[in-house]
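Here is how the chains run, residue by residue.
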Amino acid sequence: MMTGSSVSTTNRPHVVIVGGGFAGLQAAKSLRRADVDVTLLDRRNFHLFQPLLYQVATGELSPANIATPLRAILRKQRNARVLLGEVKSIDVPGRQLALTDQVIGFDYLILAAGASHHYFGNDHWKHHAPGLKTVENATRIRRDVLGAFEAAERCDDEQQRRELLTFVVIGGGPTGCEMAGTMAEIARHTLKHDFRRIDTSKARIVLIEASDAPLEVYPAPLPQRAAADLDRLGVEIIANVMATDIQASHVTIQHRSTGVTETIATRTVVWAAGVKANPLGAMMCVSTEIEPARGGRVPVGDDLSIAGHPNVLVCGDLAYRVDPDHGELPGLAPVATQMGHHAAQCIQADRKGLARPAFSYRDKGSLAVIGRYSAVGVIGNWKVKGFIAWFIWISVHLMYITMFRNRLLVLAQWGWTFFSHDRSARLIADGPNSDIPTMEEASGWDAEPVVESATTSLESFAK
């Protein structure tokens, strides 16, 4: 086994960052002028702009449009290097990380490994209802959705055809609404003239939500507006229900008020109902002898460090912190980005012999797109909806994309889709009977080093 403790032979502190998502990447970039050596460690060689992943799943964008190699991003940062690897164990007292084939020492550790899908004790559901957090997830969903239309075109049995043309999205949060709305647009517009035996506009898009309305995290009347916009697109909303079983041929739901169960025959299900912390959070809690918080997250102090271990900071979805002004901080890209920057500030404060600042989240607002011309959101004290919210959503997403090249590519593709309704990336990469493993299955553990974020903050306007 190879061993190593620093990025160079200098005597500067070695900062190891685990996770190349929003928090980890921001931490690395914020340390570019610091007197430290930085190692950014990830199981993947790219940073994924996860908020637009649903557009890969629905054929509007290609994976390369929203993913950028980490080495390219940090190419000019002389005090940083990128390593491709997987953490197997964490030894905080010994200041070491054990990878599959290497041991890396650290002076500071920033853990920003993100979260994965949460099936609430029903992990076997993921084989029938993939979530949307990785490129593999997106290409599988794209294959499943487009493959269902292809199978329906060949099907002679009317009942089976109806099942094939029924698509169920579980979870009425931003990701679920984005997926359901876009799937409806695909059926009603993009594929409308592509088939000869089926009428794609008659496809049934069902959105299942456990609360009273989708996007209930927003204040009234935004959830009601979102429901109306989804209804206009042809999405069937079933609220106040919970999924109790998911099989290859159907979804069983239970109405919360009456307890009555109902079965929806379908061959395509998308999961958008919950996330849980990366297993590295549990490793960290064991190594530091602290109790994990709700969802397996790691409790952190005002400076984002773990109690008794000031050299270990946790950011993003993996961190559990209750903000005095905003309550429990959600798993959003803006929260992760600000945490990553703050962790870097704390390390720099240590180097200068200054007191660490306390983390304070700056909420600039959030938006969720429903469909073409339609979005809802909150900007400060303002509630925005409709075309204005949709336009702001587009602008903010373009500003958040990491590389200028990708911004141009996404803008060009959006412009083409806007005027033509055509989604040029609607490719079935594998045959209808192929089995594309998820990253969890391929690696053997159910976790993703990306931040769950289906809404986008307007924080970028302040930069």
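All of the points below concern the structure found in this document. (Residues numbered from 1 in each chain as written. Predicted model: local features only at pLDDT ≥ 70, side-chain atom pairs only at ≥ 80, totals over all residues. Heavy atoms only, no water.)

Quick look at the overall build of the protein chain now. What the protein chain contains, in helices and strands, is 13 helices and 29 strands. Among the 463 residues that make up the protein chain, the fraction classed as buried is 58%. For the protein chain, long-range pairs separated by at least 24 residues make up 67% of all intrachain contacts whose partners lie at least 6 apart in sequence. When the accessible surface of the protein chain is split by element, carbon and sulfur atoms take 53% of a total near 19300 Å². (Helix = DSSP H or I, 4+ residues; strand = E, 2+ residues; numbered from the N terminus. Buried < 20%, exposed > 50% of the residue type's maximum accessible area, 1.4 Å probe, protein only. Contact = heavy atoms within 4.5 Å. Areas by Shrake-Rupley, 256 points an atom, 1.4 Å probe, with all protein chains shown as cover.)

By the criterion of burial, strand β22 (residues 309-314) is predominantly enclosed, with five of the six residues buried. Pairing geometry for strand β10 (residues 108-111) and β22, over three bridges, is parallel. Considered in β22, the bridge of Leu111 is made with Val314. Judged from the two bridges that link them, strand β21 (residues 305-306) and β22 form a sheet pairing that is antiparallel. Opposite Ile306, over in β22, you have His309 as the bridge partner. The turn linking β21 back onto β22 is made up of two residues, and Gly308 within it adopts a positive phi angle of 85°. (Pairing = 2+ DSSP bridges.)

With that settled, the discussion passes to a nonpolar patch on the surface. Taken together, the side chains of Tyr373, Phe387, Ile388 and Phe391 make up a nonpolar region of the molecular surface, amounting to roughly 440 Å² of accessible area. Position of Phe387 relative to the elements: it lies in helix α11 (residues 386-400). Using a relative accessible area of 46% as the deciding quantity, one classes Phe387 as partly exposed. (Patch = residues over 30% accessible without salt bridge, like charges linked within 9 Å, V, L, I, M, F, W, Y side chains within 5 Å. Salt bridge = Lys/Arg side-chain N within 4 Å of Asp/Glu carboxyl O.)

Below, the discussion takes up the pattern of salt bridges. Using the criterion set out here, one finds 19 salt bridges in the structure. Between Arg143 and Asp144 there is a salt bridge; the shortest N-O distance is 3.1 Å. Exposure remark for Arg143: the relative accessible area of 9% places this residue in the buried category. Among the salt bridges present, the one from Asp229 reaches Arg225, with a minimum N-O distance of 3.1 Å.

Right, let's talk about the sheet that holds strand β6 (residues 80-84) for a bit. Pairing between the strands of a sheet is mediated by backbone hydrogen bonds and can be parallel or antiparallel. Spatially, the six strands line up as an open sheet ordered β6-β3-β2-β10-β22-β21, and their pairing is mixed. One side of each edge strand has no neighbouring strand; the edge strands of this open sheet are β6 and β21. With respect to the sheet, helix α9 (residues 279-288) is in contact with β2 (14-18), β10, β21 and β22, its orientation differing from that of β10 by roughly 140°. (Axes fitted to C-alpha atoms, helices over the stretch in contact; angles between N-to-C directions.)

Attention now moves to the nonpolar core. Ranked by size, the top nonpolar core spans 124 residues in total, and within it Val18, Leu97, Leu109, Ile110, Phe149, Met179 and Met284 carry the most contacts. Setting aside residues no more than four positions away along its own chain, Leu109 makes contact with Val16, Val18, Ile90, Leu97, Met284, Asn311, Val312 and Leu313. With 16 residues, the next largest nonpolar core counts Trp125, Ile238, Ala243 and Val269 among its residues. (Core = buried A, V, L, I, M, F, W, Y, C linked by side-chain atoms within 4.5 Å.)

What follows is about the environment of Arg44. Within the fold, Arg44 resides in the loop between β3 (37-42) and β4 (46-48). Put simply, Arg44 and Gly85 are 41 residues apart on the chain and 7.7 Å apart in space, counted from C-alpha to C-alpha.

So, on to unusual backbone geometry. Negative phi characterises most residues that are not glycine, and trans characterises most peptide bonds. For the peptide bond that leads from Ala220 to Pro221, omega is 10°, which places it in the cis range. Along the polypeptide, Pro221 turns up in the loop between β13 (204-209) and α8 (222-233). The residue Leu304 is not glycine, and still its phi comes out positive at about 75°. Assignment of secondary structure puts Leu304 in the loop between β20 (298-299) and β21.

Looking now at the packing of helix α1 (residues 22-30) against helix α10 (residues 333-352). Where α1 meets α10, the axes come as close as 7 Å, and the angle between the chain directions of the two elements is 35°. As α1 runs across α10, the sense of the crossing is right-handed. Where α1 abuts α10, its residues Phe22, Ala23, Gln26, Ala27 and Ser30 lie against Ala333, Ala336, Thr337, Gly340, His341, Ala344 and Gln348. Tallied by class, residues from the contact of α1 with α10 come to six nonpolar, six polar and no charged. (Left-handed = near helix turned anticlockwise from the far one by under 90°. Nonpolar A, V, L, I, M, F, W, Y, C, P; charged D, E, K, R; others polar.)

On to the pairing of strand β7 (residues 87-91), then. Bridge analysis of β7 against strand β8 (residues 96-99) gives four bridges, and the strand direction is antiparallel. Following the sheet pairing, Ser89 is matched in β8 by Ala98.

This part is about the sheet that holds strand β14 (residues 235-239). The strand order across the open sheet built from four strands is β14-β13-β12-β18, with neighbouring strands paired in parallel fashion. The open sheet has two edge strands with one neighbour each: β14 and β18 (268-271). Across this sheet, the average inter-strand angle for adjacent strands is 20°, counted without regard to direction. Bridge analysis of strand β12 (residues 166-170) against β18 gives four bridges, and the strand direction is parallel. The residue of β18 that forms the bridge with Val169 is Val270. On the sheet, α8 packs against β13 and β14 and is oriented at approximately 140° with respect to β14.

A few words on the packing of aromatic side chains. Per the stated rule, a full pass over the model turns up 10 aromatic pairs. Centre to centre, the rings of Phe387 and Phe391 are 6.4 Å apart; their planes meet at 25°, and the pair counts as stacked. One end of the pair, Phe387, and the other, Phe391, are both in helix α11, four residues apart, so they sit about a helical turn from each other. Accessibility expressed as a relative area gives 49% for Phe391, which makes it partly exposed. Members of the aromatic cluster, joined through ring pairs, are Tyr119, Phe120, Trp125 and Trp271. (Phe/Tyr/Trp six-rings, centres within 6.5 Å; stacked < 30°, edge-to-face > 60°.)

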